[in-house]
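Residue-level listing of the chains:
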Amino acid sequence: MNSELEYLPVPAADLDRIRCNGHDDYGNRLLPQISGDGAPLRCCLRLSVAGEEISLIAHRPSPLGGAYAEVGPVFIHVGECPGYAGDGFPSDFLERHAVLRPYDEAGLMLDGVLVEPGTSEGELKRLFDDPAVALVHVRNVVAGCWNFSVRRRTA
Ligand SMILES: [Zn+2]
């Protein structure tokens, strides 16, 4: 039933614009750094391996707008990358603690759920049982940084 949900990285058009401009939409320069292991990459939805050229930029992950649509820091590849081609919950993020934040159509936050490693996917499906939920952010626990968004797949 994975195909019912869609897992969304930073949109390709946003990545193209940021890489072309050399800075993000908030004026922060795209400064390359060499990654260690385990930086969560929001372009490809996987963890980095040591030696990749990545950059920390600011991104506003909610297309819904509203007061909850905050801007936060995310790692991306500096150069072009394949993006997320997977179908289903990104496997590198399965065994992590996470916070799931569901939002309604207007972008208002409905709830917040702290999940244990290995339980994110099941908790997500449970959240989408509520028809009021339009979008869910999967975020890091301590800093709250956005990792990716999830929505129902439209036919
Ligand atoms: Zn990437």
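Structure shown above.
Criteria and cut-off values
- Residues numbered from 1 in each chain as written.
- Predicted model: local features only at pLDDT ≥ 70, side-chain atom pairs only at ≥ 80, totals over all residues.
- Heavy atoms only, no water.
- Helix = DSSP H or I, 4+ residues; strand = E, 2+ residues; numbered from the N terminus.
- Rg over C-alpha atoms; globule rule 2.2 N^0.38 Å.
- Buried < 20%, exposed > 50% of the residue type's maximum accessible area, 1.4 Å probe, protein only.
- Contact = heavy atoms within 4.5 Å.
- Areas by Shrake-Rupley, 256 points an atom, 1.4 Å probe, with all protein chains shown as cover.
- Lys, Arg positive; Asp, Glu negative; His and termini not counted.
- Charge placed at Lys NZ, Arg CZ, Asp CG, Glu CD.
- Salt bridge = Lys/Arg side-chain N within 4 Å of Asp/Glu carboxyl O.
- Arc of directions from axis to C-beta.
- Donors = N, O, S within 2.8 Å, 3.2 Å for Na, K, Ca; no water.
- Tetrahedral: all angles 85-135°; square planar, octahedral: opposite > 155°, others 65-115°.
- Phe/Tyr/Trp six-rings, centres within 6.5 Å; stacked < 30°, edge-to-face > 60°.

Digging into the overall build of the protein
Helix and strand counts for the protein come out as 2 helices and 10 strands. When the elements of the protein are put in sequence order from the N terminus, they spell out β-α-β-β-β-β-β-β-β-α-β-β. Since a compact globule built from 155 residues should have a radius of gyration of about 15 Å, the 15 Å found for the protein is in line with a globular shape. Its C-alpha atoms give the protein principal-axis dimensions of about 40 × 35 × 30 Å. Counting all 155 residues of the protein, 44% fall into the buried class. In the protein, of all internal contacts separated by at least 6 residues, the share reaching a separation of at least 24 is 57%. Here the protein displays about 7900 Å² of accessible surface, and carbon together with sulfur accounts for 53% of that area. In the protein, which carries 14 positive and 22 negative side-chain charges, the distance between the mean positions of the two groups comes to 3 Å.

Description of the pattern of salt bridges
On inspection of all chains with the given rule, the structure shows 9 salt bridges. Arg 17 is the salt-bridge partner of Asp 25, the closest N and O atoms lying 2.6 Å from each other. A salt bridge links Glu 121 to Lys 125; the nearest nitrogen and oxygen atoms lie 3.8 Å apart. Residue Glu 121 and its partner Lys 125 are both found in helix H2 (residues 120–127); the two are separated by 4 residues, about one turn of the helix. Taking relative accessible area as the criterion, Lys 125 reaches 31% and is therefore assigned partly exposed.

Focus: H2
Spacing of three or four residues puts side chains on the same side of an α-helix, whose turn is 3.6 residues. Within H2 the residues assigned to the buried category are Ser 120, Leu 124 and Leu 127. Projected onto a plane normal to the axis of H2, the buried residues spread over an arc of 60 degrees and lie on a single side. Looking at the buried side of H2, the elements it contacts are strand S1 (5–8), strand S7 (98–103), strand S8 (113–115), strand S9 (135–139) and strand S10 (146–152).

Regarding the coordination of the zinc ion
Taken together, Cys 43 (SG), Cys 44 (SG), His 77 (ND1) and Cys 81 (SG) make up the protein donors of the zinc ion, found 2.1 to 2.4 Å from the metal. The site at the zinc ion holds 4 donor atoms, and with the angles between them running 99 to 126 degrees, its shape is tetrahedral. Written as a sequence motif, the donor residues of the zinc ion are C-C-x32-H-x3-C. Exposure remark for His 77: the relative accessible area of 9% places this residue in the buried category.

Observations regarding unusual backbone geometry
For Leu 45, which is not glycine, the phi dihedral falls at a positive 55 degrees. Locating Leu 45 in the fold gives a position in the loop between strand S3 (40–41) and strand S4 (46–47). Judged by relative accessible area, which is 3%, Leu 45 ranks as buried.

What to know about the packing of aromatic side chains
Taken as a whole, this structure holds 4 aromatic pairs when the rule is applied. Seen from their ring centres, Tyr 7 and Phe 89 are 5.6 Å apart, and the 70 degrees between their planes marks the pair as edge-to-face. One end of the pair, Tyr 7, is in strand S1; the other, Phe 89, is in the loop between strand S6 (72–77) and S7, and 82 residues separate them in sequence. For Tyr 7, a relative accessible area of 6% puts it in the buried group. Between Phe 89 and Phe 148 the ring centres are 5.4 Å apart and the planes differ by 80 degrees, which places this aromatic pair in the edge-to-face class. Separated by 59 residues along the polypeptide, Phe 89 in the loop between S6 and S7 and Phe 148 in strand S10 bring together distant segments of the chain. A relative accessible area of 7% places Phe 89 in the buried class. Classification of Phe 148 by relative accessible area gives buried; the value is 0%. Ring pairing ties together the aromatic residues Tyr 7, Phe 89, Phe 93 and Phe 148, which thus form one cluster.

Everything listed here is a matter of geometry and, on its own, says nothing about what the molecule does.
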